[in-house]
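A structural walkthrough
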Amino acid sequence: MNRLGVLSLALILALAPVASGRAAEEDGVRLGVVAPAGKDLAAKQWQATADYLSKAIPGTRFEIVPLAYDEADRAMADGLLDFILANPLIYVDLEARRGATRIATLVENGPSGPLTTYGGVLIARADNTTLQGPRDLKGKTAIAASDASFGGYQVLRYELGRMGIDLAREPKALTFANVQDEVVRAVMAGWADVGLVRTGVIERMIASGEIGPRDLKVLRLPGARGDYPLAISTAAYPGWPIARAAHTDDELARRVAVALMAITPDATPARASDTAGWTVPLNYAIVHDLMRSLKLGPYAQFGEVTLADVFRTHAAWILSALALIGIMAFGLFELFALNRKLAVSRAQIRAAHDELELKVGERTTDLSAEIERRRRAESARSRESQRVKDALVQTVRAVALTIETRDPYTAGHQQRVARLAAAIAREMDMGESAIEGIYLAGLVHDIGMVYVPSEISNRPGPLTPIEFEIVKSHPRVGHDILATVELPWPLAQTILQHHRRLDGSGYPSDVEGPMPMEARIIAVADVLEAMCAHRPYRPAPGLSAALSEIEGQKGILYDSQVVEASLRLLRDKGFQFR
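What counts as what
- Residues numbered from 1 in each chain as written.
- Predicted model: local features only at pLDDT ≥ 70, side-chain atom pairs only at ≥ 80, totals over all residues.
- Heavy atoms only, no water.
- Helix = DSSP H or I, 4+ residues; strand = E, 2+ residues; numbered from the N terminus.
- Buried < 20%, exposed > 50% of the residue type's maximum accessible area, 1.4 Å probe, protein only.
- Contact = heavy atoms within 4.5 Å.
- Axes fitted to C-alpha atoms, helices over the stretch in contact; angles between N-to-C directions.
- Left-handed = near helix turned anticlockwise from the far one by under 90°.
- Nonpolar A, V, L, I, M, F, W, Y, C, P; charged D, E, K, R; others polar.
- Core = buried A, V, L, I, M, F, W, Y, C linked by side-chain atoms within 4.5 Å.
- Pairing = 2+ DSSP bridges.
- Parallel < 35°, antiparallel > 145°, perpendicular 65-115°, else oblique.
- Phe/Tyr/Trp six-rings, centres within 6.5 Å; stacked < 30°, edge-to-face > 60°.
- pLDDT = per-residue confidence, 0-100.
- Salt bridge = Lys/Arg side-chain N within 4 Å of Asp/Glu carboxyl O.

**Here we look at the environment of Met-430**
If you trace the backbone, Met-430 turns up in the loop between helix H13 (413-427) and helix H14 (432-443). By relative accessible area, Met-430 is classed as partly exposed at 22%. Excluding residues that lie within four positions of it along the chain, Met-430 makes contacts with Ala-425, Ile-435, Ile-438, Met-517 and Ile-521.

Here it is as structure tokens:
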């Protein structure tokens, strides 16, 4: 690039943040907040957070948009929000339907410290002797804030359902009050026998003096968390996440997450919202389980898909899987049959040998001929066993080719890694069987990339931290795919550990024990090939840089024997693996 081009590019990069900041200042950054206690209270509660973010991120102006439970989806669908703070139920639905992504989880104040989880509370008046436990709900009247309330309705509905109690049938009547405080007031006034609220509501109303500490009793369910510092009837679930909209700029989302994490419990935004700040986004898998069980949101049609629907959507994969299963089943059947025949043959040979010792003088010639015939038969069976083994190898290669057709940028990567890894193993004087296993492991070492969405794996540029975490899961997925297949080589463990390093770095980080030599060889071959290959988001560093990398990290990140063999192969012998 000439000097004028460099100056132009520098000017564009320098002005880009300014233009972006002006757009954010002009349009405003809209933070939606689902308001279970009323919109006015939510606006007052979260305005300090909006003011804090506007100052923490220069050039932006954040504004709070209070939302009723049923307004969140429409606001996100219409592109009216850049971020949203919602309960886990609404978040998971927006994640599936609108592409929202969580960036942090709210930390609430608890009587003995910060809380990142919450749950549901089933309450009744303390003097109501007809309600001693959840199984007394039959024929009673019940009230909740909303069917979209996570802690105040769906968590209780889910855990009661696991006890065989259906909230839609057991109570005589179930009504909704829109605001959780109104649920408590309705129970206290005798308008309803039992109320459903989220954790923390009772303690807040006691602290304000609206109710007394002995006015209500809590009906506990079997799964109730016994050590929870607040009144609770259920297990504890992850707290409210804040999520970015699909259209929100990556850099803005990152800066918002960093700014939120910096809020301390004594800071103005935390005191105004009566919270303890924010933490990294929690795992919401338990929320998915709940929604799947109750058929909510993205799981509304869960379990109702017909086989015809599945076949129409995944016909190519299903046919490929059936073909692979058929080939492997045939191969395993053939191997089983051959093993049976070989066992019978060995028994016959032993019997013939015993008979030979008894009648060696009379039947030496005949027995020798019989033994020779049987040896030829066993040799033929061994050749047949090798044929079946070769078929399995071809199947593995076909799977590798299928994987590489998903990613045009890394096409041929696995084959090149396989060839280089086999050559390194041969340079190390490993046996032919081990070399063959290492070659096959190289062909499918990235099989787990089938789990990674194509919009991430084919991205022509750097990945976000969240996307990189998804990519880092591919060794574990590849291991799980091959762990159930019986092969004469440790392919599953090699795939699982090919991104580990000797010093404990790399991934996955939870694998114990030393790396197998096959994984050490694939790891070095993978690094060498990647640094010699061009990528859309960077040019190839080249062979010299690749050799310097492994030589500089010899005995630290990479196995010394493998590095020495690679240097001999590529520097001294001029091996070409492309």
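Next comes the rest of the account.
**Describing the packing of helix H5 (residues 150-162) against helix H10 (residues 285-294)**
One can describe the packing of H5 onto H10 by two numbers: an axis separation of 10 Å at closest approach and a directional angle of 65°. Crossing of H5 over H10 shows left-handed handedness. Across from Phe-150, Gln-154, Val-155, Arg-157 and Tyr-158 in H5, the residues of H10 making contact are Val-287, Asp-289, Leu-290, Ser-293 and Leu-294. Residue classes in the contact of H5 with H10 are distributed as six nonpolar, two polar and two charged.

**Topic: the nonpolar core**
Within the largest apolar cluster, 64 residues are counted, with the highest numbers of intra-cluster contacts made by Phe-62, Phe-83, Ile-84, Val-256, Trp-278 and Leu-290. Broken down by element, this core gets its largest block of residues, six residues, from helix H8 (residues 250-261). Residues in contact with Trp-278, not counting those within four places in the same chain, are Trp-46, Leu-85, Ala-104, Thr-105, Leu-106, Val-107, Ile-242, Leu-260, Met-261 and Ile-263. Core analysis: the second largest hydrophobic core is formed by 40 residues, Ala-421, Ile-521, Tyr-558 and Val-563 among them.

**Thoughts on the sheet that holds strand S11 (residues 216-218)**
Ordered in space as S9-S8-S10-S7-S11, the five strands form an open sheet in which the pairing is mixed. Each edge of the sheet is formed by a strand with only one pairing partner; in this case those strands are strand S9 (173-176) and S11. The mean angle between the axes of side-by-side strands here comes to 30°, regardless of whether they run parallel or antiparallel. Sheet analysis places strand S7 (residues 120-125) next to S11, joined by three bridges and oriented antiparallel. Each bridged residue has a counterpart across the sheet, and for Ile-123 the counterpart in S11 is Val-218. Each of S7, strand S8 (141-144), S9 and strand S10 (194-198) touches H5; the most contacted strand, S10, lies at about 115° to it. With respect to the sheet, helix H6 (residues 180-188) is in contact with S7, S8, S10 and S11, its orientation differing from that of S10 by roughly 155°.

**Let's talk about the packing of helix H20 (residues 543-552) against helix H21 (residues 560-572)**
In a packed pair of helices, the relevant descriptors are the angle between the two axes and the axis-to-axis distance. Where H20 meets H21, the axes come as close as 10 Å, and the angle between the chain directions of the two elements is 160°. In terms of orientation, H20 and H21 fall into the roughly antiparallel class. Crossing of H20 over H21 shows left-handed handedness. Each of Leu-543, Leu-547, Ile-550 and Glu-551 in H20 lies in contact with H21, whose residues at this interface are Val-563, Ser-566, Leu-567, Leu-570 and Arg-571. Split by residue class, the contact of H20 with H21 holds six nonpolar, one polar and two charged.

**Section: the packing of aromatic side chains**
This model, assessed by the stated rule, comprises seven aromatic pairs. Ring centres of Tyr-118 and Phe-150 lie 5.9 Å apart, and the angle between their planes is 65°; on these two criteria the pair is classed as edge-to-face. Taken as a pair, Tyr-118 in strand S6 (residues 117-118) and Phe-150 in helix H5 lie far apart in primary sequence, 32 residues in all. The pair formed by Tyr-118 and Phe-150 is uniform in burial state, with each residue classed as buried. Judged by centre distance (5.5 Å) and plane angle (75°), the rings of Tyr-153 and Phe-176 are edge-to-face. Residue Tyr-153 is found in helix H5, and its partner Phe-176 is found in strand S9; the two are separated by 23 residues along the sequence. When its relative accessible area of 8% is taken as the criterion, Tyr-153 is described as buried.

**So, the confidence of the model for the chain**
Taken residue by residue, the chain gives an average pLDDT of 85. The fraction at 70 or more is 86%. Across the chain, the secondary-structure element scoring lowest on mean pLDDT is helix H1 (residues 3-27), at 41, and the one scoring highest is strand S3 (residues 83-85), at 97. This stretch, residues 1-26, has a pLDDT under 50; its non-local contacts, to residues over four places away or in other chains, come to eleven contacts.

**Section: the pattern of salt bridges**
Taken as a whole, this structure holds 27 salt bridges when the rule is applied. Note that Asp-181 is salt-bridged to Arg-204, the shortest N-O span being 2.8 Å. Remark: Arg-204 occurs in helix H7 (residues 201-207) and Asp-181 occurs in helix H6; sequence separation between them is 23 residues. For the salt bridge of Asp-289 with Arg-292, the shortest nitrogen-to-oxygen distance reads 2.9 Å. Separated by three residues within a single helix, Asp-289 and Arg-292 lie in helix H10, roughly one turn from each other. Residue Asp-289 is classed as partly exposed on the basis of its relative accessible area of 38%. Linked by salt bridges that have partners in common, Asp-73, Asp-93, Arg-97 and Arg-98 make up one network.

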